[in-house]
Amino acid sequence: MNVTQRRREIVALLRQSAAPVAAKTLADRFHVSRQVIVQDMAVIRASVSGIESTYRGYILQQPAACSREFKVCHGPERMAEELNLIVDCGGHIKNISISHRVYGRVTAEMDIRSRQDVRDFAQALENSKSTLLGSATSGYHYHLVEAPSQERLDLIQRQLAQAGILAPLRPWERETDSKEEQRHDHL
């Protein structure tokens, strides 16, 4: 197998995978060193958009076809953990919102797609005098997340629950979600 064939097969594997693929896994599969795979990925990423490098491996961000809002609750010390968990599972964090008793629903755009975006966000927050939006609601907030499939959104939900970050919806929030889902089903 030549270099061009190997790179084509790497891209095909990434397109088929729902989870990140480690460089070592690719190296073993193609009987080359991890460094060769890292070099291949540098070339591939220059010509194929949407390939992200995570601590668990490479993942190809598919065009988002689905979205879901997750209600979460945590302190500021878990902010990066939460955001990294979502992007590592292939999610794109579109926004954050809170439901404030006085101000109502307050939403801010985020556009976080990678661990680098998480680091940039954390650094910007650290360099400012601002606090997390969720601090106004005792850590409770919502994230609108896009992913290529419902399965990816289900994975994100399971991971948030396992981490103890997912918050239960109140009865009136469930009604809003089902009305919203019905509205999207008719579009």
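Each remark here, short or long, concerns the structure printed above.
Only a predicted model underlies this, so the values are computations on that prediction, with no experimental measurement involved.

(A) Representation of helix 2 (residues 23-30) in the model. Considered for burial, the residues of helix 2 that qualify are Ala23, Leu26, Ala27 and Phe30. Projected down its long axis, helix 2 shows its buried positions confined to an angular sector of 100 degrees, all on one face. Helix 2 presents Lys24 and Arg29 as exposed residues on the side facing more than 90 degrees away from its buried surface. A positive backbone phi angle near 55 degrees is found at His31, which sits one or two residues after helix 2.

(B) Spotlight on the pattern of salt bridges. Applying the stated criterion across every chain yields a total of 8 salt bridges. Notably, a salt bridge pairs Glu69 with Arg105, separated by 2.4 Å at the nearest N-O pair. Highlighted residues: Glu69 in strand 3 (residues 66-73) and Arg105 in strand 5 (residues 104-112), separated in sequence by 36 residues. A relative accessible area of 30% places Glu69 in the partly exposed class. Judged by its relative accessible area of 44%, Arg105 falls in the partly exposed class. Notably, a salt bridge pairs Asp111 with Arg113, separated by 3.1 Å at the nearest N-O pair. With a relative accessible area of 41%, Arg113 lands in the partly exposed category. Taken together, the salt bridges that share partners define one network made up of Arg6, Arg7 and Asp40.

About the thresholds
Residues numbered from 1 in each chain as written. Predicted model: local features only at pLDDT ≥ 70, side-chain atom pairs only at ≥ 80, totals over all residues. Heavy atoms only, no water. Buried < 20%, exposed > 50% of the residue type's maximum accessible area, 1.4 Å probe, protein only. Helix = DSSP H or I, 4+ residues; strand = E, 2+ residues; numbered from the N terminus. Arc of directions from axis to C-beta. Salt bridge = Lys/Arg side-chain N within 4 Å of Asp/Glu carboxyl O.

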